[in-house]
Structures are given as structure tokens and as C-alpha cells.
Amino acid sequence: MRNARRSAARARLRPILAALGFSLGLGLTLPGRSSAAPTAPPLESGCAAAALVDPAFRDAAVLMMRRLVVRAPGQISDGAIRRTLSPAHVDASGRAWHHIAAYEANLGLIGALRIDPTLREEAARWLRWQIRHLPVDGQDRGVLFDRWISADGREMTVCPPDIEPRHCRQIDATDSTIASMFLLAQAYLRHGGDPALLRDPVIERAFRRAATTLAQLQQPDGLSHAKLDHPVSYLMDAVEVAAGWRALAALQQEVWKQPAVAELSRERERRTWRGIEQVLWQPQAGLWLTSAGAAPVQSGRWYPDVMAQAWPLLWSLPEDRLTRERGRQAWQRVSARWPEWPRRNVDPAGFWWPAAAVAAHCSGDGRAAAEWVARARAAWLRPDTPFAWPFQVSDLLWLLWLAEPGPPQAPLPEPLDVAAPASGRKP
């Protein structure tokens, strides 16, 4: 009977893996898969993980993470991580281009490493790739602007032909992108990565430059401006930046043996959280401002009004009881005005926002979280178009937060790195 159930599970998984470009082997175990407790989240957070994502869905997500890694030996694109599998732009000559966004890739890898620590090899290659392309001087030193790579992996640019100028030399936010690199490096070490990688003088200097740029963005109130040329302090960025300072302090303390410098980073983390509490919390409304100086939240927009309320809940530490409780109540208050969100995409841009399911889980609404997961499973495991846009790599952080590490339902061979059909959609 046990063998029959195993055969049935493999039969269910086979079309999923085939659609993702993999072949099934015979083994049912993979050395190095995580045996971490299911309650350990992918980030330092007071929000526990869950087992709402079943093993087949979980493993298909890990396979997609592997598919998004560019494997083009000898090419400039080798080691990069695509935002989504389909090209995001096709120029007038018919040439397809993939979008590379460091923030998105860093978050996705953090989530996937918790499930499959063998991805630390891909994480190491991606960290090196980021470092190779970081500016070493000027006001943007230490931050990776978005890149575009051709589908054949032979060309990279910040501005492909025939694209709207707003997609050129673009970055969503400097502060959170830098923080995400620190967080990925910490996750890499946590899951068995080699500290020697980060001790490389080139990499250490790059991290130091990035930390200097991030420090320059921090304002007297403790919050960071999103960019030097965009002086707005966002709530969602702020909680990520606080986590980034904490991760950097751990690296400075444990890898580079710089306790005094680590204490400076911890103080920047504390200043950030003070700014979040003192500048962005609205005690009368019981909600967070989406940014410093913004109008009070009316819950009229899913993003940023509603989703921003989830971020302090998701990113605060277990000991930050007041912040977590405020975050829990704020999320419950605003999400209750959108009762349909688990059943359909309420973001006008079409994004799935799996972080909403994690926030629901963290605030005690397991039914809504499970309902969202079931809907995502049906859509993302379609045999013809698995994990299709608007799925993006950062979604894996939140999706896999709701998965329990364990033996894979099928082996994870090296993926076939073939280009998906061009979608023409822009991120």
C-alpha cells in the first residue's frame, strides 16, 4: 500500500516536472535537503513557518528557482537570476530580453535556501555575480541597478533596444536592495555556505561600500530614503532595512571579526525601528503610514495601503511584541475590508502577493492563508504555463515560508536551461 501511494504521488508530480523542463529519476532523497524544524522561518521573524504548501507544490517551486538561474558558462550572464522565466521585453528585431532585479532574486533565494540548502552553490554564484557588477565609486556605489540579459546569455545592458526609458538604469529602491544582499549573505551562511566566500577582500570591500551608501540614506529620524534622488521613507523599505542592518552586524561580528563595527550596525537597526514606531505608527487609527508624511491609510488600495500593514508583522523579531501586536491588529483591520483577497487577485497590476497569505497565517487566519495557497497551486502548477507571469522570483520567499522542509517528492536534477517563449510583458 505504501508503494502504491508513492507511485501515485510520483504520477501526480510527473506532468508538473515535465512542464518545468525536468525529467524524473528513480531516487526519492537528495543529500543536503533541510531537516530544519518546520517552525523556523526563512528570516529572523516572530512569524512562524507553516505547512500549508504541500510537498509537490513546494518541490515544484524549488525547481522553478533552479530554472531561473542563468547557466551560460563563459558568458557575462552566467550566474544571474531572472525575475521570471519568460522574457520581459522583445525588441524590434525580435530579440528577447530577461529582466534581472537583485532585490527580487535575493528574497527568492532566501526562501528557497530554507527548503533546499544545496542551492547555496547557486547563491554563491549569484552573490559573486552581484559583486562583479556593483559600482565601486559615485553616489550609487555598492548597489546593483537592474540589468537586462539577452535570451542567449551573450549580452547584458541596463537599457535594451526599443524599451521605454523608465525601464533603463532602474532600481525599485536603493535601501531595500542593499539590505536584501546582506540578508542573502546571512542566509547563505546559515544554510552551510562557506565563510571564505565573504572573506574574499573583493567581496568584503563591496559590502563595506554598500553599507556606506545605506548609512548615507539614513535620516535623523532613523528612517532611510529609498534613493538619493527619491527622498521618501517607506514603511516596507524601513522594516527590510532594519533586518538588513541586523544581518550585516552578524556578518561583521562572525565573519569579519569586527565587533565595534557590528555594534554600529546594530545601533542603525535600533534607530530604524525607533523611526518606524515614532514616525510611521498612527495610534489613533491603529495603522501604519505607508511612508513618512503620507496621508492616513484609507485601505482603498491593496498596494501600498493594505500590504504595507503586513510588513512590520512579517519582519519584526519574536521579542518585538508591541510591534508584532500592532502589526497583527493593523493587518486584521485592513484585510477585513477586502474579504475576497484569498480568492482572487485584488491588486490592479495582477500581482499575487503571497506575503498576504503569510500575514494571514501570522495573524491567526489560517483559513484565508490556506485558501490563497490552494488558488496559487491551481494557477502556478498549470502544465502548459507553470509559474507564469505575474509570478516573480521574490514570491518564492513567501510561498516557501508556508512550506515544511523535508525529503523531496522527486529528485532535483540539473535543470534544462532553455528559454521560455517570449511573453512581451514588462515587469
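Since the model is a prediction, treat every value here as computed from it, not as a measurement. (Residues numbered from 1 in each chain as written. Predicted model: local features only at pLDDT ≥ 70, side-chain atom pairs only at ≥ 80, totals over all residues. Heavy atoms only, no water.)

## Here we look at the confidence of the model for the protein chain
And step 1. Put simply, the protein chain has an average pLDDT of 88, and 86% of its residues get 70 or more.
And step 2. Predicted confidence is poor over residues 21–38, with pLDDT under 50, and the contacts of this stretch with residues over four places away or in other chains come to 50 contacts.
And step 3. Scored below 50 in pLDDT, residues 418–427 makes 31 contacts in the model with residues more than four places away or belonging to other chains. (pLDDT = per-residue confidence, 0-100. Contact = heavy atoms within 4.5 Å.)

## As for helix α10 (residues 302–315)
And step 1. Taking 1.5 Å of rise per residue, the 14 residues of α10 would be expected to cover 20 Å, and the 19 Å separating its terminal C-alpha atoms lies within 8% of that figure.
And step 2. At alanine 308, α10 shows its largest bend, some 30 degrees, and a proline, proline 312, comes one to four positions later. (Helix = DSSP H or I, 4+ residues; strand = E, 2+ residues; numbered from the N terminus. Expected span 1.5 Å × (residues − 1). Bend = angle between axes of the 7 residues up to and from the residue.)

## Re the packing of helix α5 (residues 174–190) against helix α7 (residues 201–217)
And step 1. Between α5 and α7, the least distance of the axes is 10 Å, while the angle of their chain directions is 140 degrees. Considered as vectors, α5 and α7 are oriented oblique to each other. Every pair of crossing elements has a handedness; the one defined by α5 and α7 is left-handed. Here Thr174, Asp175, Ile178, Met181, Phe182 and Ala185 of α5 come into contact with α7, specifically with Phe207, Ala210, Ala211, Thr213, Leu214 and Leu217.
And step 2. When the residues that make up the contact of α5 with α7 are grouped by side-chain class, the tally is nine nonpolar, two polar and one charged. (Axes fitted to C-alpha atoms, helices over the stretch in contact; angles between N-to-C directions. Parallel < 35°, antiparallel > 145°, perpendicular 65-115°, else oblique. Left-handed = near helix turned anticlockwise from the far one by under 90°. Nonpolar A, V, L, I, M, F, W, Y, C, P; charged D, E, K, R; others polar.)

## Examining the sheet that holds strand β1 (residues 89–90)
And step 1. Read across the sheet, four strands follow the order β1-β2-β3-β4 without closing on themselves; strand pairing throughout is antiparallel. Edge positions in the open sheet fall to β1 and β4 (156–157), since each of these has one partner strand only.
And step 2. Bridging between strand β3 (residues 147–150) and β4 involves two bridges; their strand directions are antiparallel. Its bridge partner lying in β4, tryptophan 148 is registered against threonine 157. (Pairing = 2+ DSSP bridges.)

## With respect to the pattern of salt bridges
And step 1. On inspection of all chains with the given rule, the structure shows 23 salt bridges.
And step 2. Across the pair glutamate 164 and arginine 166 runs a salt bridge whose closest N-O atoms are separated by 2.7 Å.
And step 3. Judged by its relative accessible area of 36%, glutamate 164 falls in the partly exposed class.
And step 4. A salt bridge links aspartate 305 to arginine 301; the nearest nitrogen and oxygen atoms lie 2.8 Å apart.
And step 5. You can call aspartate 305 buried: its relative accessible area is 6%. (Salt bridge = Lys/Arg side-chain N within 4 Å of Asp/Glu carboxyl O. Buried < 20%, exposed > 50% of the residue type's maximum accessible area, 1.4 Å probe, protein only.)

## Quick notes on the state of the cysteines
And step 1. Tallying each qualifying case throughout the model produces two disulfides.
And step 2. Shown here is the disulfide that connects cysteine 159 with cysteine 168, its sulfur atoms set 2.0 Å apart. Between cysteine 159 and cysteine 168, the S-S dihedral sits near 45 degrees, and the bridge is therefore right-handed.
And step 3. Look at cysteine 159 and you get partly exposed, because its relative accessible area is 35%.
And step 4. Assessed through its relative accessible area of 18%, cysteine 168 is described here as buried.
And step 5. Here the bonded cysteines of the protein chain are numbered in sequence order, and their pairing is 1-4, 2-3. (Disulfide = S-S within 2.5 Å.)

## Remarks on the packing of aromatic side chains
And step 1. As enumerated under the stated definition, the model contains 21 aromatic pairs in all.
And step 2. On the numbers, 6.1 Å between centres and 75 degrees between planes, the contact of tryptophan 302 with tryptophan 331 is edge-to-face. Of this pair, tryptophan 302 sits in helix α10 while tryptophan 331 sits in helix α11 (residues 321–335), placing them 29 residues apart in sequence.
And step 3. For tryptophan 302, a relative accessible area of 3% translates into the label buried.
And step 4. Looking at tryptophan 331, the relative accessible area reads 1%, which means it is buried.
And step 5. A ring pair is formed by tryptophan 311 and tryptophan 353, whose centres lie 6.4 Å apart and whose planes are at 80 degrees; its orientation type is edge-to-face. Placement of the pair is tryptophan 311 in helix α10 and tryptophan 353 in the loop between α11 and α12 (354–362), with a sequence separation of 42 residues. (Phe/Tyr/Trp six-rings, centres within 6.5 Å; stacked < 30°, edge-to-face > 60°.)

## Quick look at the nonpolar core
And step 1. The biggest cluster of nonpolar side chains holds 127 residues, and the ones touching the most others in it are Trp126, Phe207, Trp311 and Trp331.
And step 2. No other element matches the 11 residues that helix α8 (residues 235–254) contributes to this core.
And step 3. In this structure, tryptophan 126 is in contact with Gly79, Ala80, Ile81, Ile100, Ala102, Ala105, Asn106, Leu109, Leu144 and Leu184, ignoring residues within four places of it in sequence.
And step 4. Core analysis: the next-biggest nonpolar cluster, separate from the first, contains five residues, Ala88, Trp97, Trp148 and Ile163 among them. (Core = buried A, V, L, I, M, F, W, Y, C linked by side-chain atoms within 4.5 Å.)

## Considering the environment of alanine 173
And step 1. One can find alanine 173 in the loop between β4 and α5.
And step 2. Each C-alpha atom, one on alanine 173 and one on alanine 226, is 5.1 Å from the other, the two residues being 53 residues apart in sequence.
And step 3. Discounting residues that sit within four places of it in the chain, alanine 173 has contacts with Ala226, Lys227 and Asp237.

## Brief notes about the pairing of β3
And step 1. Side chains Arg147 and Ile149 project from β3 onto one buried face, and the interleaved Trp148 and Ser150 project onto a second face that is buried too.
And step 2. Summarising the sheet, strand β2 (residues 96–100) and β3 pair through four bridges and their orientation is antiparallel. Within β3, the position partnered with isoleucine 100 by the bridge is arginine 147.
And step 3. Taking the residues that link successive antiparallel strands as the turn, the β3-β4 hairpin has five residues, and the phi of glycine 153 there is positive, at about 80 degrees.

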